[in-house]
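# Structure at a glance
Read off the chains here:
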Amino acid sequence: SRTRSGISSFSLFQNQQCLTPQFLLYLAVPPSNGAFPPCPPFPRQDRHSDNSHLALQAKHTEQHEGRLYNIPLEELSAVFPHGLPHRFQQQVLTFNEARVMVRKPALELLAYLKGSNFSHPAVRYVIYGERGTGKTMTLCHVVHYCSRQGWLVLHIPDAHLWVKNCKELLQSSYNKDRLDQPLQASVWLKNFKASNERFLQEIKTQKKYMWGKRECTEEGRPLREVVEQGLARVRSASDAVGVLLRELKQQSHRGSFRLLVAVDGVNALWGRSTLRKEDKSPVCPEELTLVHNLRKMLMNDWSGGAIVTTLSQTGSLFKPSSAYTPQELLGKEGFDALDPFVPIPVPNYSPKEFESCYGYYLERRWLQHEKVRAGGSGWERTDRAGPGPPQLPPLCVAGTAPWPITGSAARTPGAAG
Amino acid sequence: MVTAPRLPELQECLENSLRDAQGGIVGVSVQAQQRSGQSPGCSEQSRPCGVQRGRSGRVRPAGPGPCRPPSRRAGPWAERGGAGMAARAGRCCRAGLSCGALLSPALLSPAVLSRAPATPRWGRAAFSSAPAVSGREGPQAREGSVRRRGRTLQFVRSAAPPRTERMAVDQDWSSVYPTAAAFKPASVPLPIRMGYPVKGGVPPPKEGNLELIKIPNFLHLTPPAIKKHCAALKDFCTEWPSALDSDEKCEQHFPIEIETVDYVSSGTSIRNPKARVVTLRVKLSSLNLDDHAKKKLIKLVGERYCQETDVLTITTDRCPLRRQNYDYSMHLLTVLYHESWKTEKWESEKSEEDMEEYVWENSHSQKNALDTLLRIKASENVSNVTKEELLASEVVKNYRNSVIALKNEGETESNISQYKESVKKLLNIQA
């Protein structure tokens, strides 16, 4: 790799063949010493779509493709207590703003959601694509749109977290064969509560639920009590999640609210788990209460909303790293469970999107290039006509020590967009 | 017992012997890296040294006879001349000097030693030799002269030019190589090189090239030679039936192919146990099988069936005689055919995992699709829609085809997009 200004660690250019959204997101990671000052606000340019008020976001159309729109930070913490990719969160911290690019798969999904008939059973959408192409960001875009539109968003940030690395597994009191995961359930309940306060107050239970011998939640109480019960008594958190899902499913057809079920890494529910019971026998995912209830939620036997899911190989268990298509990741069982679904492919950045993202980083003065200082676009591209991967010259970030690039960015992602 | 001399001693002795050398020995040079075929002088020797040597190989002197036992006489070496030198050098070799020096028998032979100008070609000499007295001995040894080697006289034959130079371009090659024979460089008029090339050089030539001799060659089986074989065998053959003039007709009339092998060897016995093996090949398309029978037959034979060529191969060798094996293979084919037409009671328990290809009917996909459609119809308050009607509708058929393609052919971009379109139509999703 060419070196410039004595910084010689840009081995990422040796490995990278094409530029993916994730790769550019890696560039946005601040250095570990944290010595980078926050950037001052800069004047908006035509690459940013105008979203000065709420309704305009709903009007994102093809003409906005490739543009970045801004999510105010207060909204970000309300809508996404969990669920944003880690690198994107760091970018938000760095730039002090959250800019999401409007891309075709997200636009397509939004169009389907806008045109869907809510008296019909919920349609399942499965976002798939190769690693680092922007599936989770597409999901987050849709989640943000739906929460802006006033939907109740049931966002499971990563289903893989529920089938691995679980420290505590309790036998479920409701069903002897199943296992509870109190920690995961309580964490999720906390985040769910943070994002959907309003709904939890309005929606009432339809049945009496007994928590153990003494505690119970009466019929007609707001769902908030169920959630608080789960948070207070961690042992019954998984059952609280189950109750919540059941209630929402039964009440969504009434039309008082729209329900969006957003699951990231849905292939975890039908894969294998690395958890073991006390006798060291492996645990099947369906033996976990959380997974069992979520699977029921993903059936299309309810109406009044939509189900948007993402397939994810990173974080998956026992799946080869080259797998990205629905059948490969879901397996036979998962495919049969989700069938019929609408698959939505997410490709790599198109040249236009890439330019937009690159220009954004240049504007934020994150990417520094000699020729930029001299003026001009600062980047000669060898071939821009075709859809081939662009060859980026080495970039150096002024004044910061280079950081080691680890993780999946160092590996070459798949075909270019 | 004379102890093995050390190197400097040897060197000293050599230098001493120079003055008194009669046999034309000028010194002993050590080959660092040797290729015996390289030196043209070597190839013209009466005793070609065709042995490739490594650095550390111990070489048994093969050229001028076995190494003579060490002489007990302690006299000056000059008297012994070449023989003494050879003996001494041989003894060093046997004593296993740890310097790893190789004393080549070729070098031990006086003929080469006399060819001192060639010394640099043999690698750097560990024992330096003075090439002083080389010149006068060299030309003499090349011609068919009498050379003195110890007490015996040896006649060195003059090397004749190879036969290749006298070969015509249109000669009858089958008389040069009528049978399988080793590669003879002087008989094959081709400029072949074979072997690992020297650094910065080329592979070694064919003269004295053991690599070419080791490998099997088919110089005796050129097309004209085979034509002659066929002409000779023709007397023992019958006419090919004129009606069978194409492969398809042969397939049609004689679908079963039997393959047997006969073995001939030069030995006292004509029997060969491998001759009893019989291979039967038949295409399943030429057998009268329906769908169930074909699937059952394929499951019964397992690995013996090739999907791409649709050929069933049965190899039998369990009987001692060929005829018995042939009968057995025909019996097997008959039994397979009849068994596959039968349907057992337990075949009704065939499950989804046993299926060879994806069948949409009664699958999860069909169930889900029908359930979804019924729910859609129920939500629109359209009742009295039967399953058969739904199954017969266009959208469901489209969906069915796309799912079958996806499952059977695997996932490709086109398959997935076709599936997507069919689901959109099925669920009536508008953008």
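Residues numbered from 1 in each chain as written. Chains lettered and ligands numbered in written order. Predicted model: local features only at pLDDT ≥ 70, side-chain atom pairs only at ≥ 80, totals over all residues. Heavy atoms only, no water.

A separate point is the overall build of chain A. When helices and strands are tallied, chain A shows 15 helices and eleven strands. Out of the 417 residues in chain A, the part that is buried amounts to 56%. Across chain A, every contact between residues at least 6 apart in sequence was considered, and the portion connecting residues at least 24 apart equals 76%. Accessible surface, chain A: about 18,000 Å² in total, of which carbon and sulfur atoms supply 51%. (Helix = DSSP H or I, 4+ residues; strand = E, 2+ residues; numbered from the N terminus. Buried < 20%, exposed > 50% of the residue type's maximum accessible area, 1.4 Å probe, protein only. Contact = heavy atoms within 4.5 Å. Areas by Shrake-Rupley, 256 points an atom, 1.4 Å probe, with all protein chains shown as cover.)

In terms of nonpolar packing, the biggest core is built from 111 residues, with Tyr125(A), Leu248(A) and Leu260(A) touching the most fellow members. Once residues lying within four places of it in the same chain are set aside, the contact partners of Tyr125(A) are Leu109(A), Tyr112(A), Leu113(A), Ala306(A), Ile307(A), Val308(A), Thr309(A), Val342(A), Ile344(A) and Ile429(B). (Core = buried A, V, L, I, M, F, W, Y, C linked by side-chain atoms within 4.5 Å.)

Before going further, it helps to spend a moment on the sheet that holds strand S4 (residues 152-156) of chain A. Residues and elements named next belong to chain A. On the basis of which strands lie adjacent, the open sheet formed by five strands has the order S4-S9-S10-S3-S11 and parallel pairing. With partners counted over all chains shown, the strands left at the sheet margins are S4 and strand S11 (341-345), one partner each. Averaged over all pairs of adjacent strands, the angle between strand axes in this sheet comes to 15 degrees, irrespective of strand direction. Its contacts with the sheet put helix H6 (residues 104-114) on strand S3 (123-128), strand S10 (305-310) and S11, and the angle it makes with S11 is roughly 155 degrees. (Pairing = 2+ DSSP bridges. Axes fitted to C-alpha atoms, helices over the stretch in contact; angles between N-to-C directions.)

With 27 residues of chain A at the interface, the matching set in chain B holds 24 residues. When chain A packs against chain B, the two sides together hide about 2,300 Å² of surface, and 55% of this comes from carbon and sulfur. Summed over the three residues of chain A that lose the most area to chain B, namely Tyr112(A), His120(A) and Pro340(A), the buried surface amounts to 23% of that side. Connecting chain A to chain B are three salt bridges. Note that Glu108(A) is salt-bridged to Lys420(B), the shortest N-O span being 2.6 Å. Taken together, the elements giving at least two residues each to the side of chain A that touches chain B come down to H6, S3, helix H13 (326-338) and S11 of chain A. In terms of residues, the side of chain A that touches chain B owes the most to one element, H13(A), which gives seven residues. Of the residues contributing to the side of chain A that touches chain B, the split by class is 15 nonpolar, six polar and six charged. (Buried area = accessible area lost by both parts, 1.4 Å probe. Salt bridge = Lys/Arg side-chain N within 4 Å of Asp/Glu carboxyl O. Nonpolar A, V, L, I, M, F, W, Y, C, P; charged D, E, K, R; others polar.)

So, on to helix H8 (residues 182-195) of chain A. Each α-helix winds once per 3.6 residues, and so residues spaced three or four apart point in a common direction. Taking 1.5 Å per residue, 14 residues should reach 20 Å; H8(A) reaches 20 Å between its end C-alpha atoms and fits that length. Residues of H8(A) that are buried include every one of Pro182(A), Gln184(A), Ala185(A), Ser186(A), Trp188(A), Leu189(A), Asn191(A), Phe192(A) and Lys193(A), and no others. (Expected span 1.5 Å × (residues − 1).)

Turning to the packing of aromatic side chains, a few remarks are in order. This model, assessed by the stated rule, comprises 17 aromatic pairs over all chains. Between Trp162(A) and Trp188(A), the ring centres sit 6.5 Å apart and the planes meet at 85 degrees, which makes this aromatic pair edge-to-face. With Trp162(A) in the loop between S4 and strand S5 (170-171) and Trp188(A) in helix H8, this residue pair connects regions lying 26 residues apart in the sequence. For Trp162(A), a relative accessible area of 6% gives the class buried. With centroids separated by 5.1 Å and ring planes inclined at 15 degrees, the aromatic side chains of Trp188(A) and Phe192(A) adopt a geometry described as stacked. You can see Trp188(A) and its partner Phe192(A) sitting in helix H8, four residues apart, about one turn around the helix. The exposure class assigned to Phe192(A) is buried, which follows from its relative accessible area of 2%. Site record: aromatic cluster; members linked through ring pairs are Phe335(A), Phe341(A), Trp360(B), Tyr399(B) and Tyr419(B). The residue whose ring lies beneath Arg258(A) is Phe118(A), and the NZ or CZ to ring-centre distance is 3.9 Å. Above the ring of Tyr177(B), the side-chain terminus of Lys184(B) is found at 5.0 Å from the ring centroid. (Phe/Tyr/Trp six-rings, centres within 6.5 Å; stacked < 30°, edge-to-face > 60°. Lys NZ or Arg CZ within 6 Å of the ring centre and 35° of its normal.)

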